[in-house]
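# Fold and contact review
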Amino acid sequence: AVPRTKILATGGASHNKKILQVLSDVFNAPVYTIDTANSACLGSAYRAIHGLVAEMNVSLADVVKLAPEPRLAVTPTAGAEEV
């Protein structure tokens, strides 16, 4: 089975439920957010951590497991994919 698409929204617009709902309806996928300030820098921070522990054969996937769990913000409106 193919995993269902999920959208992870970050940045200022991720606090606007109406924008998130449009994303969810257009892509027919649930939208998740994370409660992390400056989330745009989060990816580079995890890459930096990965670089520090690379000699210990720690994978990037294992480093990213430390990330906060995304929280479900909105789901697609029923019937939106038909519009």
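This text gives an overview of the structure that appears in the document. Bear in mind that the values here come from a model prediction, so they are computed numbers and not experimental data.

### Concerning the side chain of Ser14
- As for its position among the elements, Ser14 is in the loop between strand E1 (7-9) and helix H1 (17-27).
- A polar side-chain atom of Ser14 sits 2.5 Å from the main-chain carbonyl oxygen of Gly11.
- Among residues more than four places away in sequence, those in contact with Ser14 are Ala9, Leu20 and Thr33.

### Some remarks on H1
- The opening residue of H1 is Asn16, an N-cap whose side-chain oxygen sits 2.9 Å from the backbone nitrogen of Lys18.
- Looking at the residues trailing H1, positive phi occurs at Asn28, about 50 degrees.

### Considering the layout of surface pockets
- Its volume calculated, the largest pocket comes out at about 170 Å³.
- The wall of the largest pocket is formed by Leu8, Thr10, Ile34, Ser39, Leu42, Gly43, Tyr46, Val64, Ala67, Pro68, Glu69 and Pro70.
- It is helix H2 (residues 42-53) that contributes the most residues to the lining of the largest pocket, 3 residues altogether.
- Along the lines of polarity and charge, the residues of the lining of the largest pocket split into 8 nonpolar, 3 polar and 1 charged.

Rules and cut-offs
- Note on numbering: residues in each chain are counted from 1, in written sequence order.
- This being a predicted model, a pLDDT of at least 70 is required before a residue's local features are given, and a value of 80 or more before pairs of side-chain atoms are given or counted; all residues contribute to the totals for chains, interfaces and linings.
- Excluded from the side-chain calculation are hydrogens and water; included are all heavy atoms of the structure.
- Strands are runs of DSSP state E lasting at least two residues, helices are runs of H or I lasting at least four, and both sets are numbered from the N terminus onward.
- Between N or O atoms, a polar contact is any pair within 3.5 Å; within protein, one atom must be a potential hydrogen donor and the other a potential acceptor, and residues adjacent in sequence are included only when both atoms are from side chains.
- In what follows, a contact means two residues having at least one pair of non-hydrogen atoms within 4.5 Å.
- A cavity, in this analysis, means grid points on a 1 Å lattice covering only the protein atoms where a 1.4 Å probe fits yet has no way out; a pocket is instead an open set bounded by protein on both sides within 12 Å along at least five of seven lines, and a residue lines either one if it has an atom within 4 Å of a point.
- Grid points are joined across faces, edges and corners, and a volume is the space filled by probe spheres set on the points.
- Side-chain classes follow a simple rule in which Ala, Val, Leu, Ile, Met, Phe, Trp, Tyr, Cys and Pro form the nonpolar group, Asp, Glu, Lys and Arg form the charged group, and the remainder, Gly included, forms the polar group.

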